[in-house]
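Listed below, chain by chain, are the residues.
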Amino acid sequence: MAEPTIDGRLKANYEDFYLSRDVAEWRRLGAIDKTANILKLCHAIPHDTVLEIGAGNGAILENLSAKGFAREYRALDISSSGVELIRRKHIPGLSEAATFDGYRTHYADDQFDLVILSHVVEHVEHPRLVLYEAARVGKRLFVEIPLEDNARLADDFAFDHVGHVNAYSRKTMRRLLQSCRFRVLGETVANHSKAIYRFQKGSKGLVNCAIKEILLRTCPRLATSLYVYHAAFLCEKTG
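Residues numbered from 1 in each chain as written. Predicted model: local features only at pLDDT ≥ 70, side-chain atom pairs only at ≥ 80, totals over all residues. Heavy atoms only, no water.

Quick look at the environment of Ala-75 now. By the element assignment, Ala-75 lies in strand E2 (residues 72-77). For the pair Ala-75 and Arg-88, spaced 13 residues apart in sequence, the C-alpha separation works out to 13 Å. Each residue touching Ala-75, except ones within four places of it in the same chain, is listed here: Leu-51, Glu-52, Ala-55, Leu-61, Ile-86, Leu-94, Glu-96, Ala-97 and Ala-98. (Helix = DSSP H or I, 4+ residues; strand = E, 2+ residues; numbered from the N terminus. Contact = heavy atoms within 4.5 Å.)

Now the structure itself:
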């Protein structure tokens, strides 16, 4: 049986993806929310050593470092341009930024206190392989995904530049994690910040943000069945 590889279409999509100024600003703003979710769920667990798989341009690790979250950070991504951008940031505490094949890493078993997969699982063709590798090298796992499996999800798949090849609900993500022998220790569902909506759609975006925020607070099940929110999970291995 052939070893799993990354589809050429996906790899080409991400190779220069992070060089766009709009993408860089979008990721900078998004990293603020994602960092907040990591701090919320992971502050009480050991997190001295951290690996981010699918680190993009390093925006999340840059924020975590600025907050003194960990002693040592390492970053992996399939995009050489993304890895080069991470290296240029000279993030304090970052000991390595490297490309990898998307599924296998060179690290030892249980090398890291925490592995981060923030908005990665929806992009990969073989999500279980990534989760198993994260379980091998890390003692605990933080996963964040967009909740795109809702009433607005199209019946048929179409590839676009965002590169999402999987769609999840909160329930299906929990079940995926549990079927990969993870125990969910904590979770949160959140809306984007106002800054993201303003960047994407201006004043109209702020209206959308307010509507989604009110709906999430008052009717969370209805909210996630109609709109895309973000779900984050903190997990540990069960065996």
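Moving on, we get to the pairing of strand E7 (residues 230-237). Residues in a regular strand point their side chains to alternate faces of the sheet. Among the 8 residues of E7, 7 are classified as buried, and the element is accordingly described as predominantly covered. Sheet analysis places strand E5 (residues 138-146) next to E7, joined by 7 bridges and oriented antiparallel. Within E7, the residue paired with Ile-145 across the bridge is Ala-231. Two strands pair when backbone bridges link them, and strand E6 (residues 182-190) and E7 are joined in this way by 8 bridges, in the antiparallel orientation. Note on E7: the bridge partner recorded for Arg-183 is Glu-236. (Buried < 20%, exposed > 50% of the residue type's maximum accessible area, 1.4 Å probe, protein only. Pairing = 2+ DSSP bridges.)

Next up on the list: helix H4 (residues 80-89). Among all positions in H4, only Ser-81, Gly-82, Val-83 and Ile-86 are buried. After H4 finishes, the residue His-90 shows a positive phi value of roughly 50 degrees.

Once that is clear, we can look at the nonpolar core. If you look at the biggest cluster of nonpolar residues, it comprises 33 residues, and the most contacted ones within it are Leu-117, Leu-131, Leu-141, Val-143, Met-173 and Leu-177. Elements with a contribution of two residues or more to this core: strand E1 (49-53), strand E4 (112-118), helix H5 (127-137), E5, helix H6 (170-179), E6 and E7. For this core, the leading source of residues is H5, giving 5 residues. Apart from the residues lying within four places of it in its own chain, the contact partners of Val-143 are Leu-117, Val-121, Leu-131, Met-173, Leu-177, Ala-231, Ala-232 and Phe-233. By size, the runner-up hydrophobic cluster in this structure holds 24 residues, among which are Ile-38, Val-50, Ile-116 and Leu-234. (Core = buried A, V, L, I, M, F, W, Y, C linked by side-chain atoms within 4.5 Å.)

It is worth spelling out the sheet that holds E5 at this point. Pairing is mixed in the open sheet, where 7 strands are placed in the order E3-E2-E1-E4-E5-E7-E6. Of all the strands in the sheet, the pair left with one neighbour each is strand E3 (94-99) and E6. Adjacent strand axes in the sheet meet at a mean angle of 15 degrees when their direction is disregarded. Its contacts with the sheet place H4 against E2 and E3, and it is angled at close to 165 degrees to E3. (Axes fitted to C-alpha atoms, helices over the stretch in contact; angles between N-to-C directions.)

Moving on to the packing of helix H2 (residues 21-42) against helix H7 (residues 194-218). Relative orientation and spacing of two packed helices are given, respectively, by the angle between their axes and the distance between those axes. Packing of H2 against H7 brings their axes to within 9 Å, and their N-to-C directions diverge by 160 degrees. The orientation of H2 with respect to H7, classified from their angle, is roughly antiparallel. Between H2 and H7 lies a crossing of left-handed hand. Judged by residue contacts, Asp-22, Glu-25, Trp-26, Leu-29, Gly-30 and Asp-33 of H2 engage Ala-195, Ile-196, Phe-199 and Gln-200 from H7. Partitioning the contact of H2 with H7 into residue classes produces 5 nonpolar, 2 polar and 3 charged. (Parallel < 35°, antiparallel > 145°, perpendicular 65-115°, else oblique. Left-handed = near helix turned anticlockwise from the far one by under 90°. Nonpolar A, V, L, I, M, F, W, Y, C, P; charged D, E, K, R; others polar.)

One pass over the full model with this rule turns up 16 salt bridges. Note that Asp-109 is salt-bridged to Arg-136, the shortest N-O span being 2.8 Å. Here Asp-109 is found in the loop between E3 and E4, whereas its partner Arg-136 is found in helix H5, with 27 residues between them in sequence. One salt bridge connects Glu-187 with Arg-170, and the closest N-O pair in it is separated by 2.6 Å. Of the two residues, Glu-187 sits in strand E6 while Arg-170 sits in helix H6, which places them 17 residues apart along the sequence. Among the residues examined, Arg-170 registers a relative accessible area of 38% and is labelled partly exposed. Through salt bridges with shared partners, one network takes in Glu-72, Arg-74 and Glu-96. (Salt bridge = Lys/Arg side-chain N within 4 Å of Asp/Glu carboxyl O.)

Geometric descriptors of this kind do not, in isolation, establish any biological role.
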